[in-house]
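# Tertiary structure, described
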Amino acid sequence: MPSGTAYARPTSARKTGWLALGLAGLLAMAAPAAEPPLARLAIWCEFMPYAEVARELPTLAEYDCDLILHVERESFADPDFAPLVRAAAQAGVRVDAWLLLPYDEHLYVGQASLAATRDLARQAVEYFAQEKLAVRAFVFDCEPSPLLGRELFAAVRAKSPRQLAGVLRAQLNPAEFLRDVAELNELIAELHASGYAVDGAANRAFLDTQARGNVALEDALNAPVSGVAWDALSFITYRYRVSQESYVAMLNRYVTLARRLYGVRAAVDVGLIGDYTAITQNAERAALFGGGADFYAYLRGMRDTRDLEQAVGVVLGCGVRRVNLYALDGAATSVAGTESWLRAARQARPRGAWARWTPLGSLQYGALGALTEKMFRWTTGGTGKAYEKKEKTES
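Predicted, not measured: the structure shown is a model, and the values here were computed from it. (Residues numbered from 1 in each chain as written. Predicted model: local features only at pLDDT ≥ 70, side-chain atom pairs only at ≥ 80, totals over all residues. Heavy atoms only, no water.)

## Points about the overall build of the chain
- Assigned secondary structure in the chain consists of 18 helices and 8 strands.
- Taking as baseline every contact in the chain between residues at least 6 positions apart, the subset at least 24 positions apart corresponds to 82%.
- Within the structure as shown, the chain displays about 18,900 Å² of accessible surface, and the carbon and sulfur contribution to it stands at 56%. (Helix = DSSP H or I, 4+ residues; strand = E, 2+ residues; numbered from the N terminus. Contact = heavy atoms within 4.5 Å. Areas by Shrake-Rupley, 256 points an atom, 1.4 Å probe, with all protein chains shown as cover.)

Okay, here's the thing in structure tokens:
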């Protein structure tokens, strides 16, 4: 250094600052990467031909999105089915088998369809083994069958609480319900032994009654959910015809209940995304339900991907990290396209209590939930106590 050149000696504060920065850098390098907000993102696919689904695999892989794929008896004879599942495995897309029955056999998994569901599941296990297909899980969609749904929808359209109560009351049979829960658990144990997970899906209204210890609504709708050994259980919480603000309030309530009742097993079905009015199978379903224009009004989904990003953020903010989108059928045919919807879901970050605060909406959904359980109990006589007594007697 040239003679006479002065320089500033590092002060204690500067030394401390550099030391802190160095330690922070070391800690950042040593710490594991932060987990993404979503533990699992999946998308339902109900109607799309398998060859068309195959074209969406690169996008699903890019956004690490699992595929919940419709599987019917006809799937095993479809020349595009096995190639699709193999291509999904090669692309790194996990596939779940969503079992669906013909309409006249109740379509969904329920008390009236347990035997048919068991047969289809066993056929699927045999086929997957024979074809060496990688399938992660079976998904049992526990909803009222279209046959029962038609009666319920007719009562709603007639604005007749007495008619609706009569339809529900006629289905109640605690002994049969508990027997069917046991049979469903036997099937799940069988599938577990074959190496498959088994996830359930159910209507959000069940959370209102479960929170009050009343499982009778599940019996009335022939859709056993409580007491079943699910690996994960998603609750169908779609926006349908309500505003986005009301949807946020809806999610606040039901995601919080799902998390409280099912912990890390809880998942939420969010949607609808895109438009479903042009899907021909929905015309069959509308005719079966007898709903006409009223039915089609429920098929208009979200158009703005920002609405989905907000919805997923609310789910995350309420503590649930598994989200299933409904559905690929609408996303792929929408103006936005599948990639935009998946990007929106992946970009979502947990929304804090203030960002998702909907005091009036939350009060409304809370009151509606309490009224749902009370009105059901008062008009049908369905209570959780009847099922507890039966359970104790049988044990």
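Let's pick the thread back up.
## Here we look at the packing of aromatic side chains
- Within this structure, the stated rule accounts for 16 aromatic pairs.
- Ring plane angle 75° and centroid distance 6.3 Å describe the contact between F76 and F81, whose orientation is recorded as edge-to-face. As far as burial versus exposure is concerned, F76 and F81 are alike and both buried.
- Between F76 and Y127, the aromatic rings sit 5.0 Å apart at their centres with planes inclined by 45°, giving tilted as the arrangement. Taken as a pair, F76 in the loop between β2 (65-71) and α4 (81-91) and Y127 in helix α5 (residues 114-131) lie far apart in primary sequence, 51 residues in all.
- For F76, a relative accessible area of 14% corresponds to the buried category. (Phe/Tyr/Trp six-rings, centres within 6.5 Å; stacked < 30°, edge-to-face > 60°. Buried < 20%, exposed > 50% of the residue type's maximum accessible area, 1.4 Å probe, protein only.)

## A word on the confidence of the model for the chain
- Mean pLDDT for the chain: 87, with 87% of residues reaching 70 or above.
- Overall, residues 1-33 carries pLDDT values under 50, and its contacts beyond four positions in sequence, including any with other chains, amount to 3 contacts.
- Low confidence marks residues 389-395, where pLDDT is under 50. Its contacts with residues over four positions away, or in another chain, come to 6 contacts. (pLDDT = per-residue confidence, 0-100.)

## With respect to the sheet that holds strand β3 (residues 95-99)
- In spatial order, the strands read β1-β2-β3-β4-β5-β6-β7-β8; together these 8 strands close into a barrel with parallel pairing. Strand-to-strand twist across the sheet, computed as the mean angle between neighbouring axes with direction ignored, equals 30°.
- Two strands pair when backbone bridges link them, and strand β7 (residues 266-271) and strand β8 (residues 322-326) are joined in this way by 4 bridges, in the parallel orientation. Bridge pairing links G271 to Y326 in β8.
- Running over the sheet, helix α11 (residues 244-262) touches β6 (232-236) and β7 and is turned about 160° from β7. (Pairing = 2+ DSSP bridges. Axes fitted to C-alpha atoms, helices over the stretch in contact; angles between N-to-C directions.)

## Details of unusual backbone geometry
- Across the junction of G271 and L272, the peptide omega takes the value -10°, indicating a cis bond.
- Among the structural elements, L272 can be located in the loop between β7 and α12 (280-289).
- The omega angle of the peptide bond from Y326 to A327 is 0°, so this bond is cis rather than trans.
- If you trace the backbone, A327 turns up in the loop between β8 and α15 (328-333).
- Even without glycine at this site, K132 takes up a positive phi of about 55°.
- With respect to the element layout, K132 can be found in the loop between α5 and β4 (137-142).

## Side note on helix α8 (residues 174-193)
- Here α8 spans 29 Å end to end across 20 residues, near enough to the 28 Å set by a 1.5 Å rise per residue.
- Inspection of α8 places P174, F177, L178, D180, V181, L184, L187, I188 and L191 among the buried residues, and these make up the whole buried set.
- Downstream of α8 by a residue or two, G195 has a phi angle that is positive, lying close to 95°. (Expected span 1.5 Å × (residues − 1).)

## A closer look at the packing of helix α6 (residues 146-157) against helix α7 (residues 161-171)
- Between α6 and α7, whose axes approach to 8 Å, the crossing angle comes to 155°. The orientation of α6 relative to α7 falls into the category roughly antiparallel. Read as a crossing pair, α6 and α7 show a hand that is left-handed. Every residue of α7 that contacts α6 at L148, E151, L152, A154 and A155 is listed here: Q163, L164, V167, L168 and Q171.
- The class makeup of the residues in the contact of α6 with α7 is 7 nonpolar, 2 polar and 1 charged. (Parallel < 35°, antiparallel > 145°, perpendicular 65-115°, else oblique. Left-handed = near helix turned anticlockwise from the far one by under 90°. Nonpolar A, V, L, I, M, F, W, Y, C, P; charged D, E, K, R; others polar.)

## A look at the pairing of β2
- Burial analysis of β2 places 7 of its 7 residues in the buried class, which makes it a mostly covered element.
- Neither face of β2 is left uncovered, since the one carrying C65, L67, L69 and V71 and the one carrying D66, I68 and H70 both have all their residues buried.
- Judged from the 5 bridges that link them, strand β1 (residues 40-45) and β2 form a sheet pairing that is parallel. Bridging across to β2, C45 finds its partner in L69.
- With 5 bridges joining them, β2 and β3 adopt parallel strand pairing. Bridge pairing links V71 to L99 in β3.
- Handedness of the crossover joining β2 and β3 through α4 is recorded here as right-handed. (Right-handed = clockwise from strand over helix to strand, strands pointing away.)

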